[in-house]
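The residues making up each chain are set out below.
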Amino acid sequence: MRVETKQVKIRDIVIGGSNQIAIQSMTNIPVTDREGTLRQIEECKKAGCDIVRIAVPNLRSYEAFSAVRKQTDVPLVADIHFDHRLAVLAIIAGADKIRINPGNIPLNHLDKIIDCAKAHSVPVRIGVNSGSINKETLASVNGDKSKALALSLEQYVHYFEGRNFSDIVLSVKSTDVRETVGVNRLISKLGYPVHLGVTEAGLLRQGLVKNSIGIGSLLLDGIGDTIRVSLTSNPVDEVYAAKDILISLGLRQGVTFVSCPKCGRCSIDLESVATQIYDYVKDLRSNVKIAVMGCEVNGPGECSDADLGMAGANGWFTFFKHGKHYRNVSQEEAVSEFKKEIDLLTNDN
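Residues numbered from 1 in each chain as written. Predicted model: local features only at pLDDT ≥ 70, side-chain atom pairs only at ≥ 80, totals over all residues. Heavy atoms only, no water.

Undergrad: Is there a simple way to think about a nonpolar patch on the surface in this case?
TA: On the surface, L220, L249 and L251 cluster together into a nonpolar patch covering about 260 Å² of accessible area. Looking at the element boundaries, L220 is found in helix α8 (residues 204-220). Assessed through its relative accessible area of 64%, L220 is described here as exposed. (Patch = residues over 30% accessible without salt bridge, like charges linked within 9 Å, V, L, I, M, F, W, Y side chains within 5 Å. Areas by Shrake-Rupley, 256 points an atom, 1.4 Å probe, with all protein chains shown as cover. Salt bridge = Lys/Arg side-chain N within 4 Å of Asp/Glu carboxyl O. Helix = DSSP H or I, 4+ residues; strand = E, 2+ residues; numbered from the N terminus. Buried < 20%, exposed > 50% of the residue type's maximum accessible area, 1.4 Å probe, protein only.)

Set out below in C-alpha cells:
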C-alpha cells in the first residue's frame with residue numbers, strides 16, 4: 001500500500017498522493033553546452049523521463065540554463081549548491097523545481113530562496129546525503145547514520161514549515177544501500193513526497209544492482225513518489241533502468257520483456273535475437289508481455305503467460321500468442337516476422 005504524501009506540482013507533473021511515480025534523470029554535461037544539453041533532455045524524454053535535473057554551478061551556467069528553459073517544455077530542476085543567488089535567478093528564469101542541500105547554504109540566504117520560491121510557486125527539493133552530516137547530529141544519535149540523516153532532514157523541514165513553506169520534496173541518499181533504505185523508511189513518516197535513489201552508485205553494472213535493491217525495496221514498502229537511478233553512464237541508461245524497475249513492480253505501464261538465461265541446449269544465437277527484440281519494444285507504452293526463449297524445453301512453459309512469445313531450436317522459431325502455438329518461422333526470418341507480430345498486437349491494444 002502506498003504511503004500517503006502531499007501532492008506537489010512540477011510544471012505539468014504532479015508527484016505525491018496516488019499519482020504515478022515520476023522518473024527523473026540528470027544531464028551529465030555542462031549546461032553551457034546548450035545544444036548538447038537539449039539533445040540529452042530530448043533523448044531522456046523519448047526514453048520515458050518525466051523530469052530532468054540540470055546542474056547550475058555559476059553565473060554562466062545560469063545564463064545557459066535560462067536559454068535552455070526557453071527551448072523545451074520538459075519539467076526542469078535546477079541543481080544548486082552554495083550560492084543562493086543562483087537559486088533565485090533560476091527560479092525567476094523558469095525552473096520548475098529547485099534542488100538544494102540546506103546544509104551548505106547559510107540560513108539568512110536560505111530564507112531568500114524560500115521567499116522567492118514561495119512568490120513564484122516553485123517547489124524545493126531538500127536534499128541531504130551521507131557526505132553532509134554534521135558531527136553534532138551524528139553524535140546525538142550515537143553514530144547511527146540513518147537516524148542522523150533523517151534527523152537532519154526533519155530539522156530542515158521544520159525550518160521551511162516555520163516560514164510557511166510546505167511545497168517541498170524530500171531526498172535523503174547514501175552510497176550505502178542499507179542506509180538509504182533505512183533512512184527513507186524514517187522520513188516517509190513526514191508526509192511529503194519522497195525522491196528515491198542510491199547516490200554515487202557507480203558504473204552501469206554495479207549501479208544497477210545497488211539502485212534496484214535500494215529503490216525496489218522502498219517501492220515495495222509503498223515509499224517513493226519519484227525516482228532517479230544514479231549511474232556513471234549515459235542519462236538515458238538511468239531512464240531505462242528506472243522504467244524497468246517500475247514496470248517489474250507493476251507500478252508503470254510498459255512492455256514486460258523476458259528471455260531465458262541460455263544453456264547447453266540452446267542451438268540459436270539467442271542473445272542477438274533477444275537484443276534485437278528488446279530494442280524494438282523498449283520504448284513501447286503498451287502494457288504487454290513479450291518472451292524470447294532459446295529451446296523447446298523452456299519455450300512453451302515460459303511463453304504460456306506472455307502476450308507474444310518466440311522459442312527457437314534447430315534453425316526454427318515457434319511463435320506463441322497468449323500461450324498458444326500458432327506459427328513456425330525459419331531462423332533467418334524470425335526477427336523480422338516477430339516484429340510484424342508485435343506491431344499487430346500493440347496496434348490492437
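Undergrad: When you look at the sheet that holds strand β9 (residues 195-196) in this model, what are you seeing that I'm missing?
TA: In spatial order, the strands read β8-β7-β6-β5-β4-β3-β10-β9; together these eight strands make up an open sheet with parallel pairing. What marks the edges here is a single partner per strand, and that holds for β8 (168-173) and β9. Pairing of strand β3 (residues 22-26) with strand β4 (residues 51-55) involves three bridges; the strand directions are parallel. Its bridge partner lying in β4, M26 is registered against R53. With respect to the sheet, helix α1 (residues 34-47) is in contact with β3, β4 and β5 (76-79), its orientation differing from that of β4 by roughly 155°. (Pairing = 2+ DSSP bridges. Contact = heavy atoms within 4.5 Å. Axes fitted to C-alpha atoms, helices over the stretch in contact; angles between N-to-C directions.)

Undergrad: What should I look at first to understand helix α3 (residues 84-93) in this one?
TA: Owing to its 3.6 residues per turn, the α-helix brings residues three or four apart onto one side. Residues H84, L86, A87, A90, I91 and A93 constitute the buried set of α3. Summarising the contacts, the buried residues of α3 are in contact with α2 (59-69), β5, β6 (97-100) and α4 (107-120). A positive backbone phi angle near 110° is found at G94, which sits one or two residues after α3.

Undergrad: How should the state of the cysteines be read in this particular structure?
TA: Covalent bonding between the sulfur atoms of two cysteines is what defines a disulfide. According to the stated counting rule, one finds zero disulfides in the structure shown. Take C49: it sits in no disulfide, and the sulfur closest to it among the cysteines is that of C44, at 5.1 Å. (Disulfide = S-S within 2.5 Å.)

Undergrad: Got a minute to help me understand the side chain of S25 in this structure?
TA: For S25, the location among the structural elements is in strand β3. Residue S25 is classed as buried on the basis of its relative accessible area of 1%. At 3.3 Å, the side chain of S25 forms a polar contact with the backbone oxygen of P235. Polar side-chain contacts of S25 include one of 2.7 Å to the side chain of E238. If we skip the residues at most four places from it in the chain, S25 touches C44, C49, I51, V52, R53, R228, P235, E238 and V239. (Polar contact = N/O pair within 3.5 Å; in protein donor to acceptor, adjacent residues only side chain to side chain.)

All quantities given are derived from atomic positions and should not be read as evidence of function.
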